[in-house]
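Fold and contact review
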Amino acid sequence: MNRDARPAILGALVGVPMLAYGVWGVLADADRTHPFELARWVIGADLAHDLLLAPFVVAIGWCIGRVLPPFARSPVRWAAATSGVLALIAWPFVRGYGRNESVPSLLDRNYARGLLVYVGAVWLAAAAWAALRARATHHRRDSTTTADVDSTAA
Amino acid sequence: MTTRGLHEQRTAALVGIALGIAFTLCFATGLLSHLIQYPPSWFAWPSRPAGLYRITQGVHTICGFVSIPLLLAKLWIVYPKLFEWPPVRSVVHGLERLSLLPLVGGGLFMVMSGTANVARWYPWTFFFPTAHYWVAWVTFGALAVHLGAKWLIVREQVGPRSEARLDAIEPDRRRFLGGLAATAGITFLAVAGNTIRPLSRVAALAQRRPGTGPQGVPVNKSAHDAGGVRARAHDPGYRLVVEGRVGRRLELTLADLQAMPQRSATLPIACVEGWSTSARWTGVPVRDLLEAAGAAATAVVAVESFQKGGLYRRSDLGPSHANDPDTLLALRLDGEPLHIDHGFPVRLIGPNRPGVLQTKWVERLVVS
């Protein structure tokens, strides 16, 4: 047997039975799992990511690269991505779908304000990071030889 | 600086390792929680340490949240591979790509459904715990297949003899990984206060605040939602019954219970959804009642509520929990009689149990 194939075979030997057990469980508990609806959610999550979210993120990243100077690109990309992740997680909290009048202790924070504070702090940090990078670029331009600039640009 | 170079194997391997660790912790703690709630014959969950379940379930939810930026970053890194050409090079390659559907769809479903459940949002008709549990097996099985298929690449990229770190994009990669670590850390800060009390003030996305709720302790199920418990709770004909395999069947009024020796214990309510909060509970140890009824020390005790419906109207106490002196039928919370939402007149509270097994509005102990 090909030595290089061993990890893949081992992974399949462990993983395929687990996967099959999960599928069996979904079908065996069909009255609770509603297999067709569940499959729509799982496959739908994949498609929503691959066809909507990922192209959107790639497009934003590309725009940032076109519009902003090099020192600002990484900080802005990071801040945009982090804000997006926080907003996605915060969505059901901010919308308060789960609120229940008889359980006032549930979802009892101002989640929109909390999200804004976090996003604000992220952009402040990104601004500070961009300022540091701008200064570093400036210094390098002043103090290095042409050869050094070429090598950092490569 | 460009991000184009980061769609490559070493970055994918490093983020993949972090994500794999987070998912493994989620899977292990989730499986544990499932075993505690639906114990097979070979499994026994101890009653000590009292706060263990709040830790394992805190790890479960926190790792789930933190894996969201890791998962999205990982998918971003490998996204160009979705369009590789030809799409299928061989049977093995085709199977490996096919295993990505349950891995990616399952992984996204796990973090999405878990987040929705913590926020108690159910935009579907299936029962969340059952669906989340079985899809976890599908996802983790696909993860094992994927890990096997990528093992050699991971070893080549991050192993001790790897020279990949010497490549030209290492500075870009470090910046990217540092940013991702910061995002994961920020996510942690936003949610961890559910479990880690000192972080509660900054937990902008925690669904609970310790110290709120009836008598300063949150609940998941109110008396209103439990349906019809209010009238029965205040019925003067209320009796707590201890029956089954006992020497003497007991039927006790609330006054009888109040007249028995009381014991106090500071115990957490630890919800499967990750929040937990401690309070001082006072009542009659279950063990004293079992002794009075002449039950065997090895007995398993079913604790039943007068709540009519609901999956959690009954829970079982194995010998370890039934014999623990701090497993109480509580009558008081922080010195006051129980609020109806906390299970007045009598509720079960014991060390190291999921909140859903701390049965409220108790009317019967069945010994077997």
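All of these numbers come straight from a predicted model, not from anything done at the bench.

Secondary structure summary: chain B contains 11 helices and 10 strands in total. Overall, chain B is about 80 × 45 × 40 Å in size when its C-alpha atoms are taken along their principal axes. When each of the 368 residues of chain B is scored for burial, the buried share is 56%. When contacts within chain B are restricted to residue pairs at least 6 apart in sequence, those whose partners lie at least 24 apart make up 69%. When the accessible surface of chain B is split by element, carbon and sulfur atoms take 62% of a total near 15700 Å². With 38 positive and 24 negative side-chain charges, chain B shows a separation of 3 Å between the mean positions of the two kinds.

So, on to the pattern of salt bridges. Working definition: two side chains of opposite charge can pair if their charged atoms are close together. All names here are of chain B. Summed over the entire model, instances satisfying the criterion amount to 21 salt bridges over all chains. Across the pair Arg-249 and Glu-243 runs a salt bridge, and its minimum N-O distance is 3.0 Å. On the basis of relative accessible area, Arg-249 is assigned to the partly exposed category, the value being 47%. Asp-326 is paired through a salt bridge with Arg-263; the nearest N and O atoms lie 2.8 Å apart. Of this pair, Asp-326 sits in the loop between helix H11 (319-322) and strand E7 (328-333) while Arg-263 sits in strand E3 (residues 263-270), and the two are 63 residues apart along the sequence. Using a relative accessible area of 12% as the deciding quantity, one classes Asp-326 as buried.

Under the counting rule described, the total for this entry stands at 18 aromatic pairs over all chains. Here the aromatic rings of Trp-78 of chain A and Trp-129 of chain A are separated by 6.3 Å at their centres, their planes lie at 70°, and the arrangement is edge-to-face. Of this pair, Trp-78 of chain A sits in helix H4 (residues 70-95) while Trp-129 of chain A is found in helix H5 (residues 111-143), placing the two residues 51 residues apart along the sequence. Consider the rings of Trp-76 of chain B and Phe-176 of chain B, whose centres lie 5.5 Å apart with planes at 25°: the pair is stacked.

Right, let's get into the pairing of strand E10 (residues 362-367) of chain B. Successive side chains on a regular strand alternate, one facing one side of the sheet and the next facing the other. Residue and element names in this part refer to chain B. Pairing of strand E1 (residues 240-244) with E10 involves 4 bridges; the strand directions are parallel. Its bridge partner being in E10, Glu-243 is matched across the sheet by Val-366. Summarising the sheet, strand E5 (residues 301-305) and E10 pair through 5 bridges and their orientation is antiparallel. The residue bridging Ala-302 from the neighbouring strand is Val-366, located in E10.

Looking now at the sheet that holds E5 of chain B. Residue and element names in this part refer to chain B. Pairing is mixed in the open sheet, where 5 strands are placed in the order E2-E1-E10-E5-E6. Both outer strands of the open sheet, strand E2 (250-252) and strand E6 (314-317), are each paired with one neighbouring strand and no more. Ignoring which end each strand starts from, the neighbouring axes of this sheet average 15° apart. Across 3 bridges, E1 lies against E2 in antiparallel orientation. Paired with Leu-240 across the two strands is Leu-252, which belongs to E2. Contacts between helix H10 (residues 286-293) and the sheet are confined to E1, E2, E5, E6 and E10, with E2 contributing the most and set at about 130° to the helix.

Glancing now at the confidence of the model for chain A. Residue and element names in this part refer to chain A. For chain A, per-residue confidence averages 91 on the pLDDT scale, and residues scoring 70 or more make up 91% of the total. The element-level mean pLDDT for chain A is lowest in helix H6 (residues 146-153), coming to 42, with helix H2 (residues 30-33) highest at 98. Counting contacts from residues 145-154, a segment whose pLDDT is below 50, to residues more than four positions away or on other chains yields 2 contacts.

Contacts between chain A and chain B engage 62 residues on the former and 73 residues on the latter. Roughly 5800 Å² is buried in total at the junction of chain A and chain B, and carbon and sulfur atoms are behind 71% of that figure. Summed over the shared surface of chain A and chain B, the result is 1 salt bridge. Its salt-bridge partner being Asp-108 of chain A, residue Arg-209 of chain B comes within 3.5 Å of it at the nearest N-O pair. For the interface between chain A and chain B, the tally reads 25 residue pairs in polar contact (both at pLDDT 80 or more). In terms of residue count, the dominant contributor to the side of chain A that touches chain B is helix H1 (residues 6-28) of chain A (15 residues). Class assignment for the residues of the side of chain A that touches chain B results in 37 nonpolar, 14 polar and 11 charged.

This part is about the environment of Gly-294 of chain B. All names here are of chain B. Mapped onto the fold, Gly-294 is located in the loop between H10 and E5. For Gly-294, a relative accessible area of 47% gives the class partly exposed. Between the alpha carbons of Gly-294 and Pro-261 there is a distance of 17 Å; along the sequence they are 33 residues apart.

A cluster of nonpolar side chains, Ile-43, Leu-47, Leu-51 and Leu-52 of chain A together with Leu-101 of chain B, forms an exposed patch at the surface whose accessible area comes to about 480 Å². The element that contributes the greatest number of residues to the nonpolar patch is helix H3 (residues 35-67) of chain A, accounting for 4 residues. Relative to the assigned elements, Leu-101 of chain B resides in helix H4 (residues 100-118). By relative accessible area, which is 38% here, Leu-101 of chain B ends up partly exposed.

Thresholds applied
- Residues numbered from 1 in each chain as written.
- Chains lettered and ligands numbered in written order.
- Predicted model: local features only at pLDDT ≥ 70, side-chain atom pairs only at ≥ 80, totals over all residues.
- Heavy atoms only, no water.
- Helix = DSSP H or I, 4+ residues; strand = E, 2+ residues; numbered from the N terminus.
- Buried < 20%, exposed > 50% of the residue type's maximum accessible area, 1.4 Å probe, protein only.
- Contact = heavy atoms within 4.5 Å.
- Areas by Shrake-Rupley, 256 points an atom, 1.4 Å probe, with all protein chains shown as cover.
- Lys, Arg positive; Asp, Glu negative; His and termini not counted.
- Charge placed at Lys NZ, Arg CZ, Asp CG, Glu CD.
- Salt bridge = Lys/Arg side-chain N within 4 Å of Asp/Glu carboxyl O.
- Phe/Tyr/Trp six-rings, centres within 6.5 Å; stacked < 30°, edge-to-face > 60°.
- Pairing = 2+ DSSP bridges.
- Axes fitted to C-alpha atoms, helices over the stretch in contact; angles between N-to-C directions.
- pLDDT = per-residue confidence, 0-100.
- Buried area = accessible area lost by both parts, 1.4 Å probe.
- Polar contact = N/O pair within 3.5 Å; in protein donor to acceptor, adjacent residues only side chain to side chain.
- Nonpolar A, V, L, I, M, F, W, Y, C, P; charged D, E, K, R; others polar.
- Patch = residues over 30% accessible without salt bridge, like charges linked within 9 Å, V, L, I, M, F, W, Y side chains within 5 Å.

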